[in-house]
Structures are given as C-alpha cells and as structure tokens.
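Coordinate analysis (summary)
Chain residues, written in single-letter form:
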Amino acid sequence: MSEIFPFQFKGFRLVLHLVNSSRRNLYVRPLRIFFSPRWVGGIVVALLLALFAGCRPSVPDSEGSVRVTEQVDLVDYLKATPVGQTFEGQPWITHTNTSDLDQDGKIDVLFCDAKENSVGWLQQTEQGWIESALATEIAAPVHVEPSDIDQDGDLDLLIASMGLVFPNNDKIGSVVILENDGTGQFTKRVIIDQIARVTDVRAGDFDGDGRIDLAVGQFGYDQGEIRWMRNMGGWRFESHMLLHLSGTINVCVADLNGDSHLDIAALVSQQWEEIYLFEGDGAGNFEKKVIFGSTNEDFGSSGMALYDLNRDGRLDILYSNGDGFDYARPGPRPWHGVQWLENRGNGFFAYQRVGDFAGAHCPVGVDLDQDGDMDVVAVSAFNEWDRPQAASMMLFENDGRMNFTPRLLARTPTHLLTCVAVNLDDGEAPTLLTGGFHAYPPWDRMSRLMDWRRGQTP
C-alpha cells in the first residue's frame, strides 16, 4: 500500500480508505462500518471517539509534502489593479482563461460572467487591457475553452453553460460553441441543450478520425454525467456516456498514461470527492478507474488542472479542495487546501499535499518567483471574510525539490473564485488575473477582474 489515509470518525461511521498503487486499479472503495448506540455501549463509543478524534484526510510527512514553517507575509509582492469595465452590484466571474484569440502574438484573457450571462475578452493592447463581449444570453457560463473545432485556422470557443449557478435538478445545461469566422465575429452554435448543468467542455480527437470531439462534465445536482461527444461533421455531435454521477467540476484532456492516446481526467465532487481517469484507446473506447478519493464526504473538491509540476515530462494533476457552499453559512473548513497527484507513468499517480488553504480554488502552476521551478498559486472563495487577516490569495513556493512554503499574497479583495497566469513579456514575471464571485456577504472588499503584477522582490 502506497498510501493509507487516516481513519475518520463521523458520528457513528468509521471509514478506512486504502489506495493501492501496486495494482492497475489504484483505488479501493471505502470500508464503511456502521455503529449504533443499540449495538455498542457507551464505553466503546467513548474509546473510539478518543482514538479517532481530530482525524481528517492527510498524508504522512514525507518528501513532497508541505514544509512545516511559519507562513510568510508577502502582501506587497504583487500589485493589484482593476481591469475591464466598472461594475455595480455583486460580480459573478466564474472562469478566466488565456488565448491569443486574434492571433496578433499577444496573449489575451477570456472570462465568463455568470451575472451578465456573457463571455468576455480582455484584449492586450499597447494601452492596456480592453474589454469586449464575445457573446451574451448564455445562461450561467462557467467555463470557456479555446479550440479550433472546425479546423479552419482560427480559434473557436467552447462554452459550458450551467443554466443556473445555484443548485437545480432541472435539465437546463447546454454546450455552446462560438464559431470564429477569422475576423473576430462569432456565431453561436448550441451543440446540445436540456441536459444536466454543464460545468466544463474540452476538446480532443478521441476516436482517431481527424475531427475534434468534446469531453463534457455535468455537475447536475442529484443527477450529473460525464460524456464524450463524437464529432460527426457539420456541427453535429453524438453523445457517449462515461459516468452517471452528480458533481463533476472539471474534465481535463491529455495523454496521461503515456500510450499516445488522449485520456480524460475528471474531478467529481458532491459526496463522491473522487478523481476519475478515463484511459482512451484512440478509437473512442475508454477504461474507467478512480485514481484518488477522499474519505471525507465534505472534502470540498473545487478545481483541477494539469501541469508538469515536477518537470519530469509527465503531466501531473493539481487539485484544490475548498468548496464552502454546502453549509448554511458558506465558509472554510480545516481540511481545505491544495494537493497534487504525481504522475508516475502508465496511469499510476501518487498523492502529495501542497499545503493548507481555507476556501482554496483554482490552483495554478506558475514559476512566480522565476527561480526555475514551478510554484503553485491558489485563490480563496470561502474564507472568514469578517476577519481582516483572512487570506484571499496564496503562493506555495517550490524549493526545487517539491517542498512547498506557504506565502500569503493577498487579503483583499475577497471571494476570489478564479485565477490565471499570463506571460505578457519575455523575461518578465508572470501576471496573474483573478475574478471575483460575490454570492454571499460581506460586500465591502469586492472585485470583478484584477491584474496582479510583480511589485517588490520577496
């Protein structure tokens, strides 16, 4: 056994979760033993409580785990500037991404605004960022992904539309493609609608026919799905179901097992709190397995992305858990933080904790301090915002040996849901761009889109 996650005592339930990396199936379903006061006496219950009190998902201290150190305050390291349009009310920016959309050699930023039901573009110019709307009347867009779907030489945009951001069982989700005509004009094409709320759409040729297919994650509420959609040509797509579970947040597409075929990694939250790997054979067939699962049903999975974090030539999985919307008063939990699954090759992954961070969302791999190794930046959407010292952005600085030191980057603005790193100029430190999602109070330190650039040296 490569990892044995600690026991967790929740009420009268004892859970033991084992991850087995010595076999192809990396995951063993949790062993659940249910106790009732009618079955056991008070003495036994007291002993169990004493034995397991305070346990939560974690990994043993080892190489690759977070360094035990004082948190370093670097709130002046990055200088923040609002960009784009001014706002009224409470902004709901749900996603940011990068793309040279106009192919002028400058990296731009794409974003989803679920309050305005629009997809926007921050174009990089000599005068700074210029905002424009690429599409409106898309119900609760939460992910925008550039891809040349029609293979005509320009970038189209894949849009995941939830219909409504907040919990809903209705079939109100849709997949929308904004077809680029090459002159900056976009035609809205609804590829599929009236399905469980869609949270992510990614592109890849999964069946080897030369056409770009789609991987689709659907959160739903009680009923969600993961599907891949075969491109039949003429903007027609055929659905093939991979999983029927609620709570999918992200689907990521890459060759993750080294067999030269595209795979799909999917983060499934709700009570499942698992990461699935769908290994593709290049002909449209997938083999499913779970490569991570938390014993904590309130783990709060919140985001996943692919980076070669240790720069060994294999893409790793960077993963945050910081969701706080499951509670009467949204907020942090002591087990929130960031972790990575190290890609050991052939579909095997090893869990490593990066660090604790209340309300952690949208982990980004970026060499922020420009020392040659990849650091991790994450933002917080759910923290104790009534407390002035609560962190809204953290840097986990890599020492080059995959040990991470937590460094506080910002306390304000609050309620940051999304972050992206942008390399604006060769040789310059990366710029971060964040989006604020202000769905609950307090409303005193709000932002919409913020540009974060290097200030002083740490």
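Remember, predicted model here, so these are calculated numbers, not experimental data. (Residues numbered from 1 in each chain as written. Predicted model: local features only at pLDDT ≥ 70, side-chain atom pairs only at ≥ 80, totals over all residues. Heavy atoms only, no water.)

**Structural notes on the state of the cysteines**
What counts, and what does not: Count a disulfide wherever a pair of cysteine sulfur atoms falls within 2.5 Å.
Counted according to the given criterion, the structure contains zero disulfides. Take Cys362: it sits in no disulfide, and the sulfur closest to it among the cysteines is that of Cys419, at 5.8 Å.

**Details of empty space enclosed by the protein**
Over the atoms a probe the size of a water molecule is rolled, and this reveals where empty space is left. As a reminder of what qualifies: Space inside and on the surface of the protein is sampled on a 1 Å grid over the protein atoms alone, with a cavity defined as a set of points where a 1.4 Å probe fits but cannot get out and a pocket as an open set with protein on both sides within 12 Å along at least 5 of 7 lines; lining residues have an atom within 4 Å of a point. Grid points are joined across faces, edges and corners, and a volume is the space filled by probe spheres set on the points. Polarity classes work like this: nonpolar for Ala, Val, Leu, Ile, Met, Phe, Trp, Tyr, Cys and Pro, charged for Asp, Glu, Lys and Arg, and polar for all others, with Gly in that last group.
Scanning the model with the defined rule gives two cavities of 30 Å³ or more in all. Considering only enclosed or pocket space, the second largest cavity measures out at about 40 Å³ in volume. Around the second largest cavity, the lining residues are Asn169, Asp170, Lys171, Ala196, Tyr221 and Gln223. Class assignment for the residues of the lining of the second largest cavity results in two nonpolar, two polar and two charged.

**Remarks on the sheet that holds strand 30 (residues 416–422)**
Strands in a sheet are paired, the pairing made by backbone hydrogen bonds, and the direction either parallel or antiparallel. Filter applied, for reference: Only strands that DSSP links by at least two bridges are regarded as paired with each other. Where helices and strands are cited, they refer to DSSP runs of H or I of at least four residues and of E of at least two residues respectively, numbered from the N terminus. Here an angle of 0 to 180 degrees is reported between the N-to-C directions of two axes, which are lines fitted to C-alpha atoms, with helices fitted over the stretch in contact.
Reading across from one edge, 5-32-31-30 is the order of the four strands in this open sheet, with antiparallel pairing throughout. Since the sheet does not close on itself, it has two edges, and those belong to strand 5 (78–82) and strand 30, each with one partner. Across the sheet, the mean angle from the axis of one strand to that of its neighbour is 25 degrees, orientation sign disregarded. Here strand 5 pairs with strand 32 (residues 449–454) via five bridges, running antiparallel. Looking across to strand 32, one finds that Pro82 is bridged to Met450.

**Description of the pattern of salt bridges**
Test applied: Each salt bridge in this description consists of a side-chain nitrogen of Lys or Arg and a carboxyl oxygen of Asp or Glu lying within 4 Å of one another. Buried, partly exposed and exposed residues are distinguished by accessible area as a fraction of the type maximum, computed with a 1.4 Å probe on protein chains only: under 20%, between the cut-offs, and over 50%, respectively.
For the structure on display, the rule yields 18 salt bridges. The partner of Asp113 in a salt bridge is Arg448, with the nearest N and O atoms 3.5 Å apart. In this pair, Asp113 sits in strand 7 (residues 108–113) while Arg448 sits in the loop between strand 31 (431–436) and strand 32, placing the two residues 335 residues apart along the sequence. In this structure Asp113 comes out as buried when scored by relative accessible area, which is 4%. With relative accessibility at 8%, the residue Arg448 sits in the buried group. A salt bridge links Glu342 to Arg344, with the nearest nitrogen and oxygen atoms 3.2 Å apart.

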